[in-house]
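Descriptive analysis of the structure
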Amino acid sequence: MGTINTFLVALRKSCTRVFLFFSFFWFLILLGGCVDKPEPYEPTPFSLEIPSFFPTYLNIPEDNPLTVEGIALGRRLFYDTRVCGYTGLDPDSMMSCATCHKQEKNFRIGTDDPRFPGGDAYGLTGQYTHHAVMPLVNLVFNHEGYFWNGSVYKNNPNVNARNIEDIVLMAILAPDEMNSTAAKTIAALQTDSNYPEMFEKAFGTPEITMDRIKKAIAQFIRTLVSGNSKFDRYLKGLETLTPDEMQGYILFSTEEGADCFHCHGGAGTPLFTTNLFYNNGRTDVFNDPMDRFSVTGNDWDHGAYRAPSLRNVMVSGPYMHDGHFKTIDEVLEFYNAGLVYSPYISPLMHKIDQGGMMLTPIQINQLKAFLHTLTDEEFLTNPKHSKP
Ligand code: HEC
Ligand code: HEC
């Protein structure tokens with residue numbers, strides 16, 4: 001009996017030792033797992049809110065999905081004057097995207113900026129931009145090409161000019177905009193100790209690279225969606241239009257009226273643009289080397305440009321690709337009686353034979369009242385789009 005007992009005690013002891021040994025072993029493995037493994041990179045997917053009646057087909061490249069962290073970074077970069085490659089100069093000698101794309105002006109430049117009198121923008125070197133600044137609104141719904149002439153488009157053989165990401169880089173490098181280099185811009189951003197963490201959260205590691213700058217700013221721009229104007233609320237049955245606004249809407253959307261809807265949309269095309277390119281009869285002299293013809297080589301594209309969205313158009317001047325018209329009254333005067341015939345004018349400019357819409361002053365005011373209903377105050381003041 002005694003020997004059996006001693007044997008059992010010895011056996012229990014050795015079992016405990018083996019158990020303790022393996023427990024300790026597992027503990028070490030677990031500890032190693034907790035301490036050594038870096039936090040997994042998991043940016044938060046951002047789901048874009050699409051306004052009622054808007055198209056749901058979005059222009060978001062597969063390699064740059066929207067994330068909460070990417071958008072936050074992009075927003076900060078959009079407003080950061082160091083993106084132009086300098087630090088510490090006085091603000092007038094520096095430039096951010098928002099210098100030319102101001103939220104309250106529909107992300108355009110406006111006509112009353114003391115630095116850009118008349119709304120003709122120029123870059124850091126003083127060189128004027130070739131065309132007028134474009135609004136940054138609802139660009140995520142555009143599949144037809146960016147810029148006035150659509151030269152930045154998805155299947156462009158020039159891989160450096162396919163989407164908003166590429167436009168970010170162009171703006172940073174262009175002599176008529178920021179005139180920087182990738183190295184200068186990255187070095188200037190490296191002076192800010194907040195960025196490494198923001199880049200890490202958005203892209204997995206703290207490195208500041210041009211590819212990431214492009215992606216983050218493009219993400220932010222894709223969130224600039226305007227779809228809550230009075231007209232939108234009218235379509236949803238939440239608000240009524242005044243008789244003048246309603247008359248203006250009818251003029252806008254009928255061929256007998258002002259006939260604007262073919263190119264600028266309406267209830268069925270709530271972006272208020274087709275995003276297509278037309279010659280709308282501004283002139284018969286075509287010497288702009290960057291019109292739509294320069295992209296397609298199609299004869300009928302001489303003097304053609306992308307029809308801009310008319311959302312927030314009342315705050316969005318100066319108007320047209322050359323910023324020729326400073327006020328909406330001047331634009332309406334042109335469409336009313338100032339059309340110029342050329343063989344290239346769009347066949348959709350039905351009123352060319354009579355020189356324009358030929359509306360009465362009362363009708364012009366009604367049309368203007370309708371255009372006012374496209375102003376989206378929420379978009380123009382949304383804190384999510386403003387300087388962080
Ligand atoms: C000096 C003024 C200026 C600055 C600064 C500027 N832009 Fe622009 N932006 C323009 C002009 C002018 C156009 C129109 C160019 C054209 O079509 O010929 C434009 C067009 C665009 C477009 C195309 C919009 C469309 O509907 O096709 C995007 C996107 C854009 N800019 C983004 C940016 C970003 C991002 C930055 C900052 C990195 C920036 N811009 C800085 C003047 C500026
Ligand atoms: C055949 C197509 C077409 C029709 C019809 C048309 N437009 Fe346009 N619209 C354009 C194009 C193209 C541009 C840009 C032209 C340019 O940049 O030179 C433009 C520019 C504008 C602009 C300036 C927008 C900006 O942000 O710069 C306004 C405002 C405008 N149109 C209002 C109207 C109104 C109001 C009507 C009806 C009376 C109308 N358009 C009819 C094609 C058209």
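Residues numbered from 1 in each chain as written. Chains lettered and ligands numbered in written order. Predicted model: local features only at pLDDT ≥ 70, side-chain atom pairs only at ≥ 80, totals over all residues. Heavy atoms only, no water.

1. Re the site of ligand 1
Around ligand 1 there are 26 residues in total, and Cys97, Cys100, His101, Phe147 and Arg306 lie nearest to it. For ligand 1, a nitrogen atom lies 2.9 Å from a polar atom in the side chain of His101. Counting residues per element, the ones that place at least two in the shell around ligand 1 are α3 (97-100), α4 (164-173) and α7 (210-222). Sorting elements by how many residues they give to the shell around ligand 1 places α4 first, with 3 residues. Of the residues in the shell around ligand 1, the class split is 19 nonpolar, 4 polar and 3 charged. (Near = heavy atom within 4 Å. Polar contact = N/O pair within 3.5 Å; in protein donor to acceptor, adjacent residues only side chain to side chain. Helix = DSSP H or I, 4+ residues; strand = E, 2+ residues; numbered from the N terminus. Nonpolar A, V, L, I, M, F, W, Y, C, P; charged D, E, K, R; others polar.)

2. Remarks on α7
The end-to-end C-alpha distance of α7 is 18 Å, a good match for the 18 Å that 13 residues give at a rise of 1.5 Å each. Most of α7 sits inside the fold, with 12 of its 13 residues counted as buried. When we look at burial in α7, the residues that qualify are Met210, Arg212, Ile213, Lys214, Lys215, Ala216, Ile217, Ala218, Gln219, Phe220, Ile221 and Arg222. In the core, the buried residues of α7 are packed alongside α2 (68-78), α3, α4, α5 (182-189) and α6 (195-203). (Expected span 1.5 Å × (residues − 1). Buried < 20%, exposed > 50% of the residue type's maximum accessible area, 1.4 Å probe, protein only. Contact = heavy atoms within 4.5 Å.)

3. Observations regarding the coordination of the iron atom of ligand 2
Here the iron atom of ligand 2 is held by His264 (NE2) and Tyr335 (OH), and the distances to it run 1.9 to 2.0 Å. Metal-centred angles of 86 to 180 degrees between the 6 donor atoms at the iron atom of ligand 2 mark the site as octahedral. With a gap of 71 residues between them, His264 in helix α10 (residues 261-264) and Tyr335 in helix α12 (residues 328-337) connect regions that are remote in the sequence. Each member of the pair His264 and Tyr335 is classed as buried. (Donors = N, O, S within 2.8 Å, 3.2 Å for Na, K, Ca; no water. Tetrahedral: all angles 85-135°; square planar, octahedral: opposite > 155°, others 65-115°.)

4. Brief notes about the environment of Glu378
Locating Glu378 in the fold gives a position in helix α14 (residues 377-381). In sequence terms Glu378 and Gly227 are 151 residues apart; their C-alpha atoms lie 9.1 Å from each other.

5. Section: the site of ligand 2
Around ligand 2 sit 27 residues in total, of which Cys260, Cys263, His264, His321 and Tyr335 are the nearest. Take His264: an N or O atom from its side chain is 2.8 Å from a nitrogen atom of ligand 2. Asn280 places a side-chain nitrogen or oxygen 3.5 Å from a nitrogen atom of ligand 2. When residues of the shell around ligand 2 are traced back to their parent elements, those giving at least two are α10, β2 (305-306) and α12. In terms of residue count, α12 provides more of the shell around ligand 2 than any other element does, 4 residues in total.

6. Focus on unusual backbone geometry
Of the consecutive residues Gly317 and Pro318, the connecting peptide bond is found in the cis state with omega at -5 degrees. Its place among the elements puts Pro318 in the loop between β2 and α12. Not every positive phi belongs to a glycine, and Asn106 is a case in point at roughly 65 degrees. Of note in this structure, Met320 is not a glycine but carries a positive phi near 75 degrees. For Met320, the position within the fold is in the loop between β2 and α12.

7. Some details on the packing of aromatic side chains
Per the counting criterion, the structure on display carries 21 aromatic pairs. Judged by centre distance (5.1 Å) and plane angle (50 degrees), the rings of Phe252 and Phe370 are tilted. In this pair, Phe252 sits in helix α9 (residues 243-252) while Phe370 sits in helix α13 (residues 361-372), placing the two residues 118 residues apart along the sequence. By relative accessible area, which is 0% here, Phe370 ends up buried. Joined through ring pairs, the aromatic side chains of Phe231, Tyr234, Tyr249, Phe252, Phe272 and Phe370 make up one cluster. The ring of Tyr195 has Arg76 sitting right over it, with the charged end atom 4.7 Å from the ring centre. (Phe/Tyr/Trp six-rings, centres within 6.5 Å; stacked < 30°, edge-to-face > 60°. Lys NZ or Arg CZ within 6 Å of the ring centre and 35° of its normal.)

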